[in-house]
Amino acid sequence: MPGVVERHRGEERFRRFGLAAIAVSMSFLAFFLISIIGTGYGAFIQTAIKIDVDLTLLEIGLEEGFATEDLAKVRYRSVVRAGMRALIPEDLGRRESRALYRLIGAGAEFELRDKVLAQPDLVGSVVSFWLTSSDDVDLYNKAGSTEAAEQQTRLTAKQIEWYSELKSNDRIKTRFNWIFLTGSDSRDPEVAGVWGATVGSFFALGVCLLLSCFVGVLAAIYLEEFAARNRWTQFLEVNINNLAAVPSITFGLLGLAIFLGFFGLPRSASLVGGMVLALMTLPTVIISSRVALQAVAPSIREAAFGIGASRVQTVFHHVVPLAMPGILTGTIIGMARALGETAPLLMIGMVAFIADAPTSLTQPASALPVQVYLWADSPERAFAEKTAGAILVLLVFLLLMNLMAVILRRKFEK
Amino acid sequence: MKKANYPALMMAMALSLTAASQALARDEIRVVGSSTVYPFSTVVAERFGRSTAFKTPVVESTGTGGGFKLFCSGVGEGTPDVSNASREIKSSEIEDCQENGVQDIVEVKIGYDGIVLANAAGLSQYSLTTKDIFLALAKDVPDGNGGLKPNDAKTWKDVNPALPDAKIEVLGPPPTSGTRDAFAELAMESGCKAFDWIKETKASDKKRYQAICHSVREDGAYIEAGENDNLIVQKLDANKNALGIFGFSFLDQNMDKVQASLINGTDATFENISDGSYAIARPLYFYVKKAHLDAIPGLREFVVEFVSEDASGEEGYLEERGLIPMSGAEREEWLNNVLNFNSLS
């Protein structure tokens, strides 16, 4: 038996190791967050160019007394281009003009259209608009137009010259990038956003929650409180534990064979995505719910039986409410895992370019982690910051879900 | 106590499932296939969705082979309408299609893609021949006596005395990638054919010929870097010794970070790939199910948009994304074929 001094030293050593372990994991986390936020914050700001747009009737090809529908049909692309040309006084050839037009974003014409449709009385005058710049201008501007940025950029010397001229005329500014939050997937980084993917994730998670919560919790209650303990239930238990460790892509294959192949559900739909994710989270939900039920003291059950309650009454009036915090935590953690999953969605066609946000469960939808994966694979340079930005959005959602788990647990524990 | 009516809930769920499977009437175009064509297909899809009343087509990147598998699985709303490919459809795939009732397929060529071997910018540029590439990367190389020996070349100088004394280290796509297939076929095979006796085996023993020409060494000189071309570009930036294999569109976007090597003395430029003088270039296609032309709204218009001068013509918007358009005469010929929706014979 070592002496007191030696034992104290042992404790001290253990504390140091513990602290070191925490320091290492914290520094990994800090490194991850710093690098993601460092690249990702750029996704939330964008560069805009102020253009004087000539909306006189002659210019936009309308006549006095035009109908509002005609306003949507105006060729805004050429209107924007005319506005760009007016910014640069010199005469430009065809090639040079094309280079000039590349300063403005691919979505500028649609931005202008929406603005004009919202305020039809602007028609007839020359109006100044801030329109989103192209991704190359955006990157260059955000890098601070330094020497280093000059070497990185894809802009030509001539384009940089134009940019500097616009900058000195106060026609370039940065603003909050609402498009990133309200837009859907696009191949043009300056108009790409996470909205479509967020809706898809939300739909899929809703389906997943409904299925896995009901089925999972009911299965857990039955197995724990009602089923007899015999070989058969032991066999089930081993299988459920096994399923929880199965790689998630397997559930995708299962979904492909059963939901798409056998039931004939539509490909890429968030309904199928939710069902596949539910298959994946079910074992987790069942296991954590059973653990929560086991943790309820047997004396509670005995007391209920003692005053004549039936088994169903005992379980639903006394045991389940007490186990609720644990059941909820398990379910929400299962959901959080489902939110971050791409592999099972790959097989059922949710990893795809889907530009329209889904409006129903059967429409094609993608999901947030899928969006991260697709953008990380895109050749355009500006998608690097969009990728990190989408990761940030995903992290915020995960944080909110975990927060919800904590709040619910507190509430039910009272 | 409120009792939840579980059986009724289950019923409701089952009902909504059947309702969903009946509400299948698909009004968006479904595209699957090659990850090389994906960046072009999606751009056309997005423009098409924005500028017409039709929905934006849904594009999945499944790889060329995986795309044909889905495409040929049958006719009907549950199957894709278009399959992208970074090579021509194989006869086995056509047979597979026909067995499943996909009779008429329209073939559309959209342009070319070059494969480049690049190293980090600012270093000395490599000038390789396809023979050098074969000798550096093949699993077995000729031993000079009409036989084969395992490839033991360590440096580029071992391969060709004119090349620098640098370790052979090539980052490239895995075997599942269409880029890898094309690289083996276009770069390795053409270098392989430079040896007469190997060329002669093609006629006598085609399997052996393919094994010699297409097998890539597995001793660490060729590093499989995954399907993500961005990752290869980043790794080249970090590893000054390495060469990377990827598509021309990634070179185009990252000219400041990487430089392409000369192949057989030709630079990997837009013009050289378009006129066919650059050796490692491949045609890109997509295939359309003729039976779907009238069933899926907008499919006809989507095909027309894809082949329009605005999209895949010289100076079209796909050119800005790195697609190399066909030259005028070849384009005319294809346009004729496509706009009449002539099926593959």
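Note that the coordinates shown come from a computational prediction; the quantities given were computed from them, not determined experimentally.

The next thing to look at is the interface of chain A and chain B. In this complex, chain A contributes 45 residues to the contact, which on the side of chain B involves 41 residues. A buried area of about 3,800 Å², summed over both sides, lies between chain A and chain B, and 51% of it is on carbon and sulfur atoms. Counting the contacts that link chain A with chain B gives four salt bridges. Note that Asp188(A) is salt-bridged to Arg321(B), the shortest N-O span being 2.3 Å. Across the chain A-chain B interface, the total number found is 14 residue pairs in polar contact (both at pLDDT 80 or more). Taken together, the elements giving at least two residues each to the side of chain A that touches chain B come down to α5 (94-101), α8 (147-152), α11 (195-226), α14 (270-294), α16 (311-339), β4 (352-353) and α18 (368-376) of chain A. When residues of the side of chain A that touches chain B are assigned to their parent elements, the largest contribution, four residues, is made by α11(A). A breakdown of the residues in the side of chain A that touches chain B according to their chemical character gives 22 nonpolar, 10 polar and 13 charged. Examined bridge by bridge, β4(A) and strand β2 (residues 58-60) of chain B share two bridges and lie antiparallel to one another. Residue pairing across strands places Phe353(A) opposite Val59(B), the latter belonging to β2(B).

Okay, the sheet that holds strand β1 (residues 45-54) of chain A next. Residue and element names in this part refer to chain A. Read across the open sheet, the three strands follow the order β2-β1-β3; overall the sheet is antiparallel. With partners counted over all chains shown, the strands left at the sheet margins are β2 (126-132) and β3 (172-176), one partner each. Pairwise comparison of adjacent strand axes, ignoring direction, gives a mean angle of 40° for this sheet. The strands touched by helix α4 (residues 76-87) within the sheet are β1 and β2, with β1 carrying the most contacts at an inclination of about 90°. Those strands touched by helix α6 (residues 108-118) are β1, β2 and β3, and its axis lies near 130° from that of β2.

Once that is clear, we can look at the state of the cysteines. Residue and element names in this part refer to chain B. If you walk through the whole model with that rule in mind, you get two disulfides over all chains. Here cysteine 72 engages in a disulfide with cysteine 97; their sulfurs sit 2.0 Å apart. The chirality of the disulfide connecting cysteine 72 with cysteine 97 is left-handed, given an S-S dihedral of about -70°. Within this pair, whereas cysteine 72 is found in the loop between α3 (64-71) and β3 (82-85), its partner cysteine 97 is found in helix α4 (residues 91-99), the two being separated by 25 residues in sequence. This pair shows no difference in class: cysteine 72 is buried, exactly as cysteine 97 is. Each sulfur of the disulfide joining cysteine 192 and cysteine 213 lies 1.9 Å from the other. Here cysteine 192 and cysteine 213 share a disulfide; its torsion about the S-S bond, -65°, makes the bridge left-handed.

This paragraph deals with the domain arrangement of chain A. Per the domain assignment, the segments of chain A are domain 1 (4-41), domain 2 (45-176) and domain 3 (195-413). A C-alpha centroid distance of 51 Å is found between domain 1 of chain A and domain 2 of chain A.

Reading the values: the criteria
Residues numbered from 1 in each chain as written. Chains lettered and ligands numbered in written order. Predicted model: local features only at pLDDT ≥ 70, side-chain atom pairs only at ≥ 80, totals over all residues. Heavy atoms only, no water. Contact = heavy atoms within 4.5 Å. Buried area = accessible area lost by both parts, 1.4 Å probe. Salt bridge = Lys/Arg side-chain N within 4 Å of Asp/Glu carboxyl O. Polar contact = N/O pair within 3.5 Å; in protein donor to acceptor, adjacent residues only side chain to side chain. Helix = DSSP H or I, 4+ residues; strand = E, 2+ residues; numbered from the N terminus. Nonpolar A, V, L, I, M, F, W, Y, C, P; charged D, E, K, R; others polar. Pairing = 2+ DSSP bridges. Axes fitted to C-alpha atoms, helices over the stretch in contact; angles between N-to-C directions. Disulfide = S-S within 2.5 Å. Buried < 20%, exposed > 50% of the residue type's maximum accessible area, 1.4 Å probe, protein only. Domains from an automatic or database assignment.

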